[in-house]
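Structure assessment
The lines below spell out each chain.
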Amino acid sequence: MSEQQAYIDSPWLDPDAEPFIKVRGITKKFGAFTAVNNVDLDIYRGELFCLLGGSGCGKSTLLRMLAGFEQPTSGSFSIDGVEMANVPAYERPTNMMFQSYALFPHMTVEKNVGYGLKQSGVPKSEIEDRVNDILKLVELQDFKKRKPHQLSGGQSQRVALARALVKEPKVLLLDEPLGALDKRLREQTQFELMNIQEKVGITFIVVTHDQEEAMTLSTRIAVMDAGQFSQIGTPTEIYEFPESRFVADFIGSTNIFEGRVAEESGDHVTVDTEAGPVLIDHGMSVQNGARVFIALRPEKIQLTKEPPVAAGPNQAKGVVEDIGYLGDVSIYRVRLDNGTLVDVTAPNLVRPKNRTHKITWEEDVYLSWSASSPILLTK
Amino acid sequence: MTDTMRDSPVPEVDKALENPPLGARISRKIQSSWKSVVVFLPYSWLLIFFLLPFVIVAKISVAEALIASPPFSSLLEWTDEGILTIRVVIDNFLYIFQDDLYVTTYLNSIKISSISTLLCLLIGYPIAYGIVRSPPTTKNMLLFMIILPFWTSFLLRVYAWMGLLADQGTINNLLIDLGVIETPIRMLYSEFAVYVGIVYTYLPFMILPLYANMEKLDNTLNEAAADLGAKPTSIFFTVTLPLTMPGIVAGGLLVFIPATGEFVIPDLLGGGNVLMIGRLLYNEFHANHDWPVAAAVAIALLVLLVAPMMLYQHYQAKEAEAR
Amino acid sequence: MSKGRSPFLTWMLVLGMAFLYVPMILLVIYSFNKSKLVPVWGGWSVRWYVELFQSPEVWSAVMLSLKIGVVNATFATILGSLAGLAMVRFGRFKGRTLMSGMLAAPLVMPEVITGLSLLMLFITMQDLIGWPAERGFTTITIAHITFSLAYVAVIIQSRLVGMGETLEEAAQDLGAKPFRVLTDITLPRLAPGMMAGWLLSFTLSLDDLVIASFVTGPGSNTLPILIYSRIRLGLRPDINALATIIILVVAVGVAIAGIIMMRQQRQRDLELSRVSDG
């Protein structure tokens, strides 16, 4: 793949690309409480960008500032080169899909979807055509005359999406778009949402607290905590190369060991931790003796009943304390000899009945991992 | 009104225990008899003191006026041949519908209460909306201030306006002192004073149901409308107004119904110049002692108000269902 | 579009409150007017209060109104609570629709009609059974109970609906018979609603002019009837004084009720925090 090709898929790598949405030093205070604290953000055309974080982290406030429902205390942002500070909500090139859907209860599906077009003075016949087209896209053409209270949760969600899309905004803002759906429907709708975004080519900004949803949907994720971005990156970067304990812990599950740097050289680092010496096969800019953290994903640890062939780093011995059977995988909670608890997941490749090397409670086990798996974190 | 309640579980239990032992039967008798008492007491009270009086009024409205005590003829009479006959006289109704005074009064009542209702709505709507939009502590304080006048005397609130509107009253004195006018404007004992009085005393009846309705409105609907390009005025007419319609109807009826039958306000503030049906009825009864005509006027007023009353009941029932 | 008030709404609130309260304030100020002509200021004085307290007519009207108010409120609360209970908790019974109509109608019925029809009932009854022999305390009280009980029933019904039946079901599940459930669970929980109903009935009774003036007899003047007979002919400074006293009593009463409610709320908050701490 040429460099140019890579830039089309990942415009944030291109140093010459002009961001579509530029957020500069935005702060929002509610009284003494700072909801969003001096953040910068670039989002590129056509992205499906996720703001991910727990409740109260400021992600919804940021979204509401983009929509124009909240005014930033300081800072500025622009969409497609236009400064947004003095543009009221009803004139912004953004549309929002609300968490509660906010469908007008006194209007039919058709009237709800056509509302925005009517407000911008689009001729009646054109409204009808565009409403029909968009309802076809979300497969609701037979529900035109229904009122919102006659729709299921999934149907309401699609009406809300159609209503926000029909005006063809430059940016679509989605606040927990799948939050009100049950698990099965949510998984199915994730892919629908991605397909629709691909078809219409509109830039999506999604707010969610669900890390799985963020991983599936997005081109890039911004993990938010206490009003600031902890890390911005692609799903893979965020998962495989978290930059802080918060991100490592928030995305997926992880074992975190505290330790001190024993040896630091150009191509590897050794850290003494609660789980024994950990060898990392690439260099890091840390001082000898510095206090650091090692994050180790449970699925990256191997679990065996046989002792390793040779002594060395990246291995440990312990006793199985608990087993959680999840069907596809099992989680083993192993207590090391020094008392440290480590979670390990292992796929259930064969049915338990036929398993010859079945590991069970109170059994001695050996853990090992490759030198490329541990992540060294300084914060 | 219809009964939408399903059967209580009590009769089903009765069926299940077809032949219980004697002791249980007696104890169950006691259990069910206290329930009958609970229903019986208020029920019989309302039948005797609420429903029966209307039957009597209806009866008197079709009787003849007599100079006697009571001053009306009996509905049922034994004729000389010993046969029970019913005498229905519709003269009273013909009389009030042929007499200009009654027809004018009837129409004037509707006019005054309709305009007052509209004024209450125009003043009450922004006040209710302002309360909803206030921060929680201010909101409670404002609500309290709206309700407080309910607890003071209605009569004295009307009286307060007599002092303000009189020829020598506060407003005229003030305007003369300021040099705006030289001779007092006649405000008391006019239709204007009646409008002021009705709006003043019934404004809370408009504000409270409106507030209750607006309080339930979801602010995200306003945001959604703004997001879709609607300007504030457009949001008001396309979203807020239609969604507050139940509150407008409830508040409107709560003002219209009592205002139509109002007696104190036209009497004290309108004087002899303002004709309203409630005052006419009162005078017909107390001054003219024409009971059958008073009864007929009452029935006519009731007929006028039956539709709004049923509409109000209908809305209340729908609200209760939604809860 | 943040949730806030526009200047227009703030102005409407200010003007609305002024509209509601300025007349009352002026009423109070002019009660201290020395002049006999109410709106003409003649200096400060309490002479109208002195005159008021020396009038036996006023005293007897106040006593009659209070007597009617208390008896009315007590009976209306009992009957209204029973009616509310029957409407919400007894499911379907014979004549429920009629009962619900009879409970709803007094709330919207014009007073002139209620007054007229009750008077005609009393006269007819007197003709037929010789009771009530004379009109006054008894007839006014009966008339007031009739419309007050409907207001109490509304309060009780909404409280019962709001309370739900879970606690009653729990008591039954633990073996309490229906009557015990009523006395142990339902009535104690209804107590605040019944108190509110009592106060409302009392106030409605003290406030009523039209119905009372229909069903009263010679010599039985309630306070509103007395006030009305005096102000019909124009402004009277002694009525301003009376109004001031009534406003004062209401203000003190409302303040006490407010303090009690705030105390209870604080007590509840305290208990709640103790529970969650423990």
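Residues numbered from 1 in each chain as written. Chains lettered and ligands numbered in written order. Predicted model: local features only at pLDDT ≥ 70, side-chain atom pairs only at ≥ 80, totals over all residues. Heavy atoms only, no water.

With that settled, the discussion passes to the interface of chain B and chain C. How big an interface is tends to be reported as the loss of accessible area on association of its parts. Listed as interface residues are 93 residues of chain B and, on the opposing side, 90 residues of chain C. When the two sides are added together, the surface that chain B and chain C hide from each other amounts to roughly 8700 Å², 78% of it contributed by carbon and sulfur. Per-residue buried area on chain B facing chain C is highest for Trp45, Trp151 and Tyr159 of chain B; these three make up 9% of the total on that side. Measuring nitrogen to oxygen at the nearest pair gives 3.4 Å for the salt bridge that ties Asp267 of chain B to Arg232 of chain C. Seen at the junction of chain B and chain C, the total is 11 residue pairs in polar contact (both at pLDDT 80 or more). Ranked by residues supplied to the side of chain B that touches chain C, first place goes to helix α2 (residues 22-61) of chain B with 21 residues. For the side of chain B that touches chain C, the per-class residue count stands at 67 nonpolar, 18 polar and 8 charged. (Contact = heavy atoms within 4.5 Å. Buried area = accessible area lost by both parts, 1.4 Å probe. Salt bridge = Lys/Arg side-chain N within 4 Å of Asp/Glu carboxyl O. Polar contact = N/O pair within 3.5 Å; in protein donor to acceptor, adjacent residues only side chain to side chain. Helix = DSSP H or I, 4+ residues; strand = E, 2+ residues; numbered from the N terminus. Nonpolar A, V, L, I, M, F, W, Y, C, P; charged D, E, K, R; others polar.)

What follows concerns the sheet that holds strand β4 (residues 74-79) of chain A. All names here are of chain A. Strand order in the open sheet formed by 4 strands is β2-β1-β4-β5, and the pairing between neighbours is antiparallel. Across the chains shown, the open sheet's two edge strands, defined by having one partner strand only, are β2 (33-43) and β5 (82-83). Examined bridge by bridge, β4 and β5 share 2 bridges and lie antiparallel to one another. Its bridge partner lying in β5, Ile79 is registered against Val82. (Pairing = 2+ DSSP bridges.)

Looking now at the side chain of Ser218 of chain A. Residue and element names in this part refer to chain A. Of note, Ser218 is situated in the loop between α7 (211-217) and β9 (220-225). Owing to a relative accessible area of 9%, Ser218 belongs among the buried residues under this scheme. Of the polar contacts made by the side chain of Ser218, one reaches the backbone oxygen of Ala214; its length is 2.2 Å. Look past the residues within four positions of Ser218 in its chain and what remains in contact with it is Leu48, Cys50 and Pro235. (Buried < 20%, exposed > 50% of the residue type's maximum accessible area, 1.4 Å probe, protein only.)

With that out of the way, let us pick up the domain arrangement of chain B. Residue and element names in this part refer to chain B. Examined at the domain level, chain B breaks down into domain 1 (3-61) and domain 2 (91-322). Contact between domain 1 and domain 2 buries roughly 490 Å² in total, counting both sides, with carbon and sulfur atoms accounting for 74%. Ranking the residues of domain 1 by area buried against domain 2 places Val57, Ile60 and Ser61 at the top, with a combined share of 78%. Seen at the junction of domain 1 and domain 2, the total is 0 residue pairs in polar contact (both at pLDDT 80 or more). Of the residues that constitute the side of domain 1 that touches domain 2, the class distribution is 4 nonpolar, 1 polar and no charged. (Domains from an automatic or database assignment.)

A word on helix α13 (residues 277-286) of chain B. Counting buried positions along α13 of chain B gives 8 out of 10 residues, so the element sits mostly inside the fold. Taken residue by residue, α13 of chain B has Ile277, Gly278, Arg279, Leu280, Leu281, Tyr282, Glu284 and Phe285 of chain B as its buried positions.

Moving on, we get to helix α3 (residues 109-119) of chain A. Taken across its 11 residues, α3 of chain A has 8 buried, putting it largely inside the fold. All of the buried residues in α3 of chain A are Val109, Glu110, Asn112, Val113, Gly114, Tyr115, Gly116 and Leu117 of chain A. On its buried side, α3 of chain A packs onto α4 (124-137) and α5 (153-165) of chain A together with α9 (219-227) and α10 (232-243) of chain B. Gly121 of chain A, located one to two residues past α3 of chain A, shows a positive phi value of around 75°.

Turning to unusual backbone geometry, a few remarks are in order. Excluding glycine, a negative phi dihedral is what most residues carry, and trans is how most peptide bonds are arranged. Cis geometry is found at the peptide bond from Trp131 of chain C to Pro132 of chain C, where omega equals -5°. Along the chain, Pro132 of chain C turns up in the loop between α5 (111-129) and α6 (137-163). You will see that Glu176 of chain A, though not glycine, has its phi angle at about 45°, which is positive. Residue class for Glu176 of chain A comes out buried when judged on its relative accessible area of 8%. We note that Asn314 of chain A has phi near 60°; this positive angle belongs to a residue other than glycine. Mapped onto the fold, Asn314 of chain A is located in the loop between β15 (302-304) and β16 (315-325). Asn314 of chain A sits in the buried class, given a relative accessible area of 6%.

Our focus in this paragraph is the UniProt feature "transmembrane region" (unreviewed entry) in chain C. Residues and elements named next belong to chain C. The positions that UniProt labels "transmembrane region" (unreviewed entry) are, in the present scheme, residues 12-32, 68-90, 102-125, 137-156, 198-219 and 239-260. Within residues 12-32, the helical portion is 90% and the strand portion 0%, while the C-alpha atoms at the span's ends are 31 Å from each other. Helix makes up 96% of residues 68-90 and strand 0%, whereas the separation of the span's terminal C-alpha atoms amounts to 31 Å. (UniProt positions renumbered as here; feature names shortened; annotations may be inferred.)

Here we come to the packing of helix α3 (residues 91-98) of chain B against helix α4 (residues 100-132) of chain B. Residues and elements named next belong to chain B. In the contact formed by α3 and α4, the axes pass within 5 Å of each other and the chain directions differ by 75°. In terms of axis orientation, α3 runs roughly perpendicular to α4. Of the residues in α4, those in contact with Tyr95, Ile96, Phe97 and Gln98 of α3 are Asp100, Tyr102 and Val103. Class assignment of the residues belonging to the contact of α3 with α4 gives a composition of 5 nonpolar, 1 polar and 1 charged. (Axes fitted to C-alpha atoms, helices over the stretch in contact; angles between N-to-C directions. Parallel < 35°, antiparallel > 145°, perpendicular 65-115°, else oblique.)

Bringing the sheet that holds strand β11 (residues 255-264) of chain A into the picture now. Residues and elements named next belong to chain A. Strand order in the open sheet formed by 5 strands is β13-β12-β11-β14-β20, and the pairing between neighbours is antiparallel. Of all the strands in the sheet, just β13 (276-280) and β20 (375-377) have a single pairing partner and so form its edges. With strand direction ignored, the average angle separating the axes of adjacent strands in the sheet is 40°.

Next up on the list: the pattern of salt bridges. The final tally for this structure, using the stated rule, is 28 salt bridges over all chains. Here Arg333 of chain A ties to Asp343 of chain A by a salt bridge, and the two come within 3.0 Å at their closest N and O atoms. Taken together, the positions of Arg333 of chain A in strand β17 (residues 329-336) and Asp343 of chain A in strand β18 (residues 341-347) put the pair 10 residues apart, joining distant regions of the chain. When its relative accessible area of 37% is taken as the criterion, Arg333 of chain A is described as partly exposed. With its nearest N and O atoms 2.9 Å apart, the salt bridge here joins Asp167 of chain B to Arg186 of chain B.

Enumeration according to the criterion identifies 23 aromatic pairs over all chains in this entry. Each ring, one from Tyr200 of chain B and one from Phe19 of chain C, has its centre 5.4 Å from the other, and the planes form 85°; the classification is edge-to-face. Of the two residues, Tyr200 of chain B is situated in helix α8 (residues 191-215) and Phe19 of chain C in helix α1 (residues 7-30); the pairing between them involves two chains. For the pair Trp41 of chain C and Trp44 of chain C, a centre-to-centre distance of 5.0 Å together with 80° between the ring planes defines the contact as edge-to-face. Classification of Trp41 of chain C by relative accessible area gives partly exposed; the value is 38%. Aromatic ring contacts, followed pair by pair, group Phe263, Tyr282, Phe285 and Trp291 of chain B together with Phe214 and Tyr228 of chain C into a single cluster. (Phe/Tyr/Trp six-rings, centres within 6.5 Å; stacked < 30°, edge-to-face > 60°.)

All names here are of chain B. In this fold, Leu94 is placed in helix α3. We classify Leu94 as partly exposed; its relative accessible area is 41%. A sequence separation of 46 residues divides Leu94 from Asn140, and the C-alpha atoms of the two residues are 53 Å apart.

All names here are of chain B. Contact geometry for α9 and α10: axes closest at 10 Å, N-to-C directions at 155°. Taken together, the axes of α9 and α10 lie roughly antiparallel to each other. Considering only the axes of α9 and α10, their crossing is right-handed. Taking contact as the criterion, the partners of Leu221, Asn222, Ala225 and Ala226 in α9 are, on α10, Ile235, Val239, Thr240 and Leu243. Split into classes, the residues belonging to the contact of α9 with α10 amount to 6 nonpolar, 2 polar and no charged. (Left-handed = near helix turned anticlockwise from the far one by under 90°.)

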